[in-house]
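The lines below spell out each chain.
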Amino acid sequence: MERHISGSVHRGKTLGKYVARRLRDCDVQDVFRLCHGNRLYYEYCPPMVTKESIKEDMLALPPNIGQEDKFYIGFYDGKKLIAVLDLINGYPEQGMAYIGFFMMDAAIQGRGVGSEIISGLCESLKRAGFTSVRLAWVKGNPQAEHFWLKNLFVALKETTGNVPGTVILAERTL
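The paragraphs below set out a description of the structure included in this document.

What counts and how
- Residues numbered from 1 in each chain as written.
- Predicted model: local features only at pLDDT ≥ 70, side-chain atom pairs only at ≥ 80, totals over all residues.
- Heavy atoms only, no water.
- Phe/Tyr/Trp six-rings, centres within 6.5 Å; stacked < 30°, edge-to-face > 60°.
- Buried < 20%, exposed > 50% of the residue type's maximum accessible area, 1.4 Å probe, protein only.
- Helix = DSSP H or I, 4+ residues; strand = E, 2+ residues; numbered from the N terminus.
- Lys NZ or Arg CZ within 6 Å of the ring centre and 35° of its normal.
- Axes fitted to C-alpha atoms, helices over the stretch in contact; angles between N-to-C directions.
- Parallel < 35°, antiparallel > 145°, perpendicular 65-115°, else oblique.
- Contact = heavy atoms within 4.5 Å.
- Polar contact = N/O pair within 3.5 Å; in protein donor to acceptor, adjacent residues only side chain to side chain.
- Salt bridge = Lys/Arg side-chain N within 4 Å of Asp/Glu carboxyl O.
- Left-handed = near helix turned anticlockwise from the far one by under 90°.
- Nonpolar A, V, L, I, M, F, W, Y, C, P; charged D, E, K, R; others polar.
- Pairing = 2+ DSSP bridges.
- Right-handed = clockwise from strand over helix to strand, strands pointing away.

## Considering the packing of aromatic side chains
Part 1: All chains considered together, the criterion is met by 7 aromatic pairs.
Part 2: Geometrically, the ring pair formed by Tyr41 and Tyr42 is edge-to-face, given 4.8 Å between the ring centres and 85° between the ring planes.
Part 3: By relative accessible area, Tyr41 is classed as partly exposed at 26%.
Part 4: On the accessibility criterion, Tyr42 (10% relative accessible area) is buried.
Part 5: An angle of 65° between the planes, with centres 5.9 Å apart, marks the rings of Phe102 and Trp148 as edge-to-face. Residue Phe102 is found in strand β5 (residues 96-104), and its partner Trp148 is found in helix α6 (residues 142-150); the two are separated by 46 residues along the sequence.
Part 6: Grouped by ring-pair contacts, the aromatic residues Phe102, Phe147, Trp148 and Phe153 constitute a single cluster.
Part 7: Taking the ring centre of Phe32 as reference, the NZ or CZ of Lys51 above it sits at 5.6 Å.

Structure, rendered in structure tokens:
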């Protein structure tokens with residue numbers, strides 16, 4: 001059975017108490033503002049964000065994946081962008097989703113909002129027939145490691161990624 005990201009994740013529908021929708025070129029300034037406030041992330045994963053790098057990330061794909069399986073999603077509390085997520089359908093294999101990037105507005109970190117979003121996303125993916133979600137964080141980034149382990153992701157192995165240094169590949173079974 002072919003699985004697809006639920007419409008509730010990318011068509012301006014509610015995910016928990018937040019509205020999730022696909023981001024477009026016209027949203028780059030808001031994404032830049034959100035990302036630019038997260039300096040710790042860019043200490044572990046340089047270079048610092050630019051508007052051009054956001055546009056590139058919106059289109060970046062892993063091997064053998066088409067644009068139809070990429071979802072660069074914004075989460076909104078009212079009209080305010082509070083989180084950005086890059087989600088790939090069917091990567092690295094069918095039945096899996098891959099989170100390539102997740103970032104919260106620094107002003108609301110530590111309040112459980114990010115965990116609420118990830119929990120809602122995982123519930124939505126499970127309802128859509130996905131069996132697991134994978135991601136990677138840069139080894140040594142204590143904020144990322146704490147967040148993903150708290151959200152039920154299990155470290156699988158250390159590897160290299162498309163960032164300098166070592167990353168921890170992790171997975172959450174749905």
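Now that the structure has been shown, we can carry on.
## What to know about the packing of helix α2 (residues 28-36) against helix α4 (residues 51-59)
Part 1: Interhelical geometry of α2 versus α4 gives an angle of 110° and a closest axis separation of 9 Å. Put simply, α2 runs roughly perpendicular to α4. Here Val28, Gln29, Val31 and Phe32 of α2 come into contact with α4, specifically with Lys51, Ile54, Lys55 and Met58.

## A word on the environment of Lys51
Part 1: Looking at where Lys51 falls in the secondary structure, it is placed in helix α4.
Part 2: Separated by 39 residues in the primary sequence, Lys51 and Gly90 have C-alpha atoms spaced 28 Å apart.
Part 3: Looking at Lys51, its side chain comes within polar contact range of the side chain of Gln29, at 2.7 Å.

## A look at the pattern of salt bridges
Part 1: Within this structure, the stated rule accounts for 6 salt bridges.
Part 2: In this structure, Arg33 and Asp30 form a salt bridge, with 3.0 Å as the shortest nitrogen-oxygen distance. Taken together, the residues span about one helical turn, with Arg33 and Asp30 both in helix α2 at a distance of 3 residues.
Part 3: You can call Asp30 partly exposed: its relative accessible area is 31%.
Part 4: Measuring nitrogen to oxygen at the nearest pair gives 2.4 Å for the salt bridge that ties Arg134 to Glu171. One end of the pair, Arg134, is in strand β6 (residues 132-138); the other, Glu171, is in strand β8 (residues 166-173), with 37 residues separating them in the sequence.
Part 5: Take Arg134: its relative accessible area is 18%, and that puts it in the buried class.

## With respect to the packing of helix α5 (residues 113-127) against α6
Part 1: For the pair α5 and α6, interaxial distance at closest approach is 10 Å and the crossing angle is 45°. Looking at the two axes, α5 sits oblique to α6. For the element pair α5 and α6, the recorded crossing hand is right-handed. In this structure, α5 contributes Gly114, Ser115 and Ile118 to the contact, and α6 contributes Phe147, Trp148 and Lys150.
Part 2: In terms of residue class, the contact of α5 with α6 is made up of 3 nonpolar, 2 polar and 1 charged.

## Some thoughts on the pairing of β5
Part 1: Of all 9 residues in β5, 8 are buried; the element is thus mostly enclosed.
Part 2: Pairing analysis gives 7 bridges linking strand β4 (residues 80-89) to β5, with the strands arranged antiparallel. Across the sheet, Val84 pairs through a bridge with Met103, a residue of β5.
Part 3: The loop that links β4 with its antiparallel partner β5 comprises 6 residues; one of these, Gly90, has a positive phi angle of about 75°.
Part 4: Here 4 bridges tie β5 to β6, and the two strands are oriented parallel to one another. Opposite Tyr98, over in β6, you have Arg134 as the bridge partner.
Part 5: Once the chain exits β5 it traverses α5 before rejoining the sheet at β6, and the crossover so formed is right-handed.

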